[in-house]
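Residue strings, one per chain:
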Amino acid sequence: MILKYLKFLFDKLTAPKYILKGSCKKCGRCCRNIVFFAYDKPIKSISQYEDLRTKNKRLNLFYPSGENDKGEILFTCKSLTPDNRCKHYFFRSMYCRKYPMVKSLVSGKYLTPPDECGYEIVSEKKFEDFL
Ligand code: SF4
Ligand code: SF4
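These numbers were taken from a predicted model, which means no experiment stands behind them.

**Here's the deal with the site of ligand 1**
(1) Moving on: The local shell around ligand 1 consists of Cys 31, Cys 77, Ser 79, Leu 80, Cys 86 and Cys 96.
(2) Moving on: A breakdown of the residues in the shell around ligand 1 according to their chemical character gives five nonpolar, one polar and no charged.

Take a look at the structure:
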């Protein structure tokens, strides 16, 4: 048990650290292409969304605005203005504050920001540092 814990600690301390590079282009893409998960699965139908909306009022802050090529419903935040600004910028959630430094709920790894995004997630160390 202790060995397992020490290994966990060692892995944690030696794991590569990641940082954000770039800047926000204010395209608003991240506020209008949101996929929500329910019970570890992406929402794929409006009826499922309507059902969940009755249980989780926070879903009312978003509206369904499309579908991606995997059949997942895409949501847009109601706080997004037509000129891609956030109406509630100072009160936005932790998730919004951290984006795009966010991890996949499925793999636990950082999600790659979309091509349009002005940010990229890079390793703090250069490749040569690992040699
Ligand atoms: S609260 Fe603001 S930053 Fe967060 S998704 Fe909505 S518009 Fe975007
Ligand atoms: S997708 Fe990236 S560049 Fe566009 S608004 Fe979001 S953080 Fe900014």
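**Some details on the site of ligand 2**
(1) Moving on: What surrounds ligand 2 is the set Cys 24, Lys 25, Lys 26, Cys 27, Gly 28, Cys 30, Tyr 99, Cys 117, Gly 118 and Tyr 119.
(2) Moving on: Tallied by class, residues from the shell around ligand 2 come to six nonpolar, two polar and two charged.

**Section: the pattern of salt bridges**
(1) Moving on: A complete count under the given rule lists four salt bridges for this structure.
(2) Moving on: Across the salt bridge formed by Arg 29 and Glu 116, the nearest N and O atoms sit 3.3 Å from each other. Of the two residues, Arg 29 sits in helix H2 (residues 29-32) while Glu 116 sits in the loop between helix H4 (94-98) and strand S6 (119-123), which places them 87 residues apart along the sequence.
(3) Moving on: The salt bridge involving Arg 85 is made with Asp 83; its shortest N-O contact spans 4.0 Å.

**Side note on the confidence of the model for the protein**
(1) Moving on: Scored by pLDDT, the protein has a mean of 89; 92% of the residues are at 70 or more.
(2) Moving on: Here helix H1 (residues 2-14) stands out as the element of the protein with the lowest mean pLDDT, 76, in contrast to strand S5 (residues 73-77), whose mean of 97 is the highest.

**Here we look at a nonpolar patch on the surface**
(1) Moving on: The grouping of Ile 2, Leu 3, Tyr 5, Leu 6, Phe 8, Leu 9 and Leu 13 at the surface amounts to a nonpolar patch, some 810 Å² of accessible area in total.
(2) Moving on: Along the chain, Ile 2 falls in helix H1.
(3) Moving on: For Ile 2, a relative accessible area of 67% corresponds to the exposed category.

**Side note on unusual backbone geometry**
If a residue is not glycine, its phi is most likely negative; likewise, a peptide bond is most likely trans.
(1) Moving on: The peptide bond linking Tyr 99 to Pro 100 adopts the cis configuration, its omega dihedral lying at 5 degrees.
(2) Moving on: Of note in this structure, Tyr 39 is not a glycine but carries a positive phi near 50 degrees.
(3) Moving on: Mapped onto the secondary structure, Tyr 39 falls in the loop between strand S2 (37-38) and strand S3 (41-42).

**A word on the side chain of Asn 68**
(1) Moving on: Structurally, Asn 68 can be placed in the loop between strand S4 (62-67) and S5.
(2) Moving on: Side-chain polar atoms of Asn 68 contact the backbone nitrogen of Lys 70, separated by 2.9 Å.
(3) Moving on: For Asn 68, the contacting residues outside a window of four places in its chain are Val 35 and Leu 74.

**Brief notes about the pairing of S5**
(1) Moving on: Of all five residues that make up S5, five are buried, and the element is covered over most of its length.
(2) Moving on: Going residue by residue along S5, you find Ile 73, Phe 75 and Cys 77 tucked away on one face and Leu 74 and Thr 76 tucked away on the opposite face as well.
(3) Moving on: Judged from the five bridges that link them, S4 and S5 form a sheet pairing that is antiparallel. Bridged to Gly 66 within S5 is Leu 74.
(4) Moving on: Here S4 hands over to S5 after five residues, with Gly 71 in that stretch at a positive phi of 80 degrees.

**What about the packing of aromatic side chains?**
(1) Moving on: Under the counting rule described, the total for this entry stands at five aromatic pairs.
(2) Moving on: A ring pair is formed by Phe 36 and Phe 62, whose centres lie 4.9 Å apart and whose planes are at 70 degrees; its orientation type is edge-to-face. On the criterion of sequence distance, the pair formed by Phe 36 in the loop between H2 and S2 and Phe 62 in strand S4 is long-range, its members being 26 residues apart.
(3) Moving on: Its relative accessible area of 16% is what places Phe 62 among the buried residues.
(4) Moving on: Ring geometry for Tyr 89 against Phe 90: centres 5.6 Å apart, planes inclined by 85 degrees, an arrangement best described as edge-to-face.
(5) Moving on: By relative accessible area, Tyr 89 is classed as partly exposed at 44%.
(6) Moving on: Taking the relative accessible area as the measure of exposure, Phe 90 reaches 68% and is therefore exposed.

Analysis parameters
Numbering of residues starts from 1 in each chain and follows the order in which that chain's sequence is written. Lettering for chains starts from A, numbering for ligands starts from 1, and both go in the order in which the items are written. This being a predicted model, a pLDDT of at least 70 is required before a residue's local features are given, and a value of 80 or more before pairs of side-chain atoms are given or counted; all residues contribute to the totals for chains, interfaces and linings. The basis for every side-chain value is the complete set of heavy atoms in the structure, and neither hydrogens nor water enter the calculation. For this description, a residue counts as near a given molecule or strand if any of its non-hydrogen atoms is within 4 Å of it. Ten residue types, Ala, Val, Leu, Ile, Met, Phe, Trp, Tyr, Cys and Pro, are classed as nonpolar, four, Asp, Glu, Lys and Arg, as charged, and the remainder, Gly among them, as polar. Between Lys or Arg on one side and Asp or Glu on the other, a salt bridge is scored when a side-chain nitrogen of the former is within 4 Å of a carboxyl oxygen of the latter. Only DSSP runs of H or I with at least four residues qualify as helices, and only runs of E with at least two residues qualify as strands; both kinds are numbered from the N terminus onward. Residue-level confidence of the predictor, termed pLDDT, takes values from 0 up to 100. Residues enter a patch when their relative accessible area is above 30% and they make no salt bridge; the linking distance is 9 Å between like charges and 5 Å between nonpolar side chains (Val, Leu, Ile, Met, Phe, Trp, Tyr). With residues, only the protein chains shown are counted as cover, and all accessible areas are computed by Shrake-Rupley using a 1.4 Å probe. For each residue, the accessible area found with a 1.4 Å probe, counting protein chains only, is set against the maximum for its type, and the residue is called buried under 20%, exposed over 50%, and partly exposed in between. Two N or O atoms form a polar contact when they lie within 3.5 Å of each other; inside protein one atom must be a possible hydrogen donor and the other a possible acceptor, and for residues adjacent in sequence the pair counts only when both atoms belong to side chains. Contacts are assigned to residue pairs that have any heavy atoms within 4.5 Å of one another. Here, strands pair whenever DSSP counts at least two bridges between them. Two rings from Phe, Tyr or Trp (for Trp, the six-membered ring) form a pair when their centres sit within 6.5 Å of each other. Planes less than 30 degrees apart are called stacked, planes more than 60 degrees apart edge-to-face, and all others tilted.

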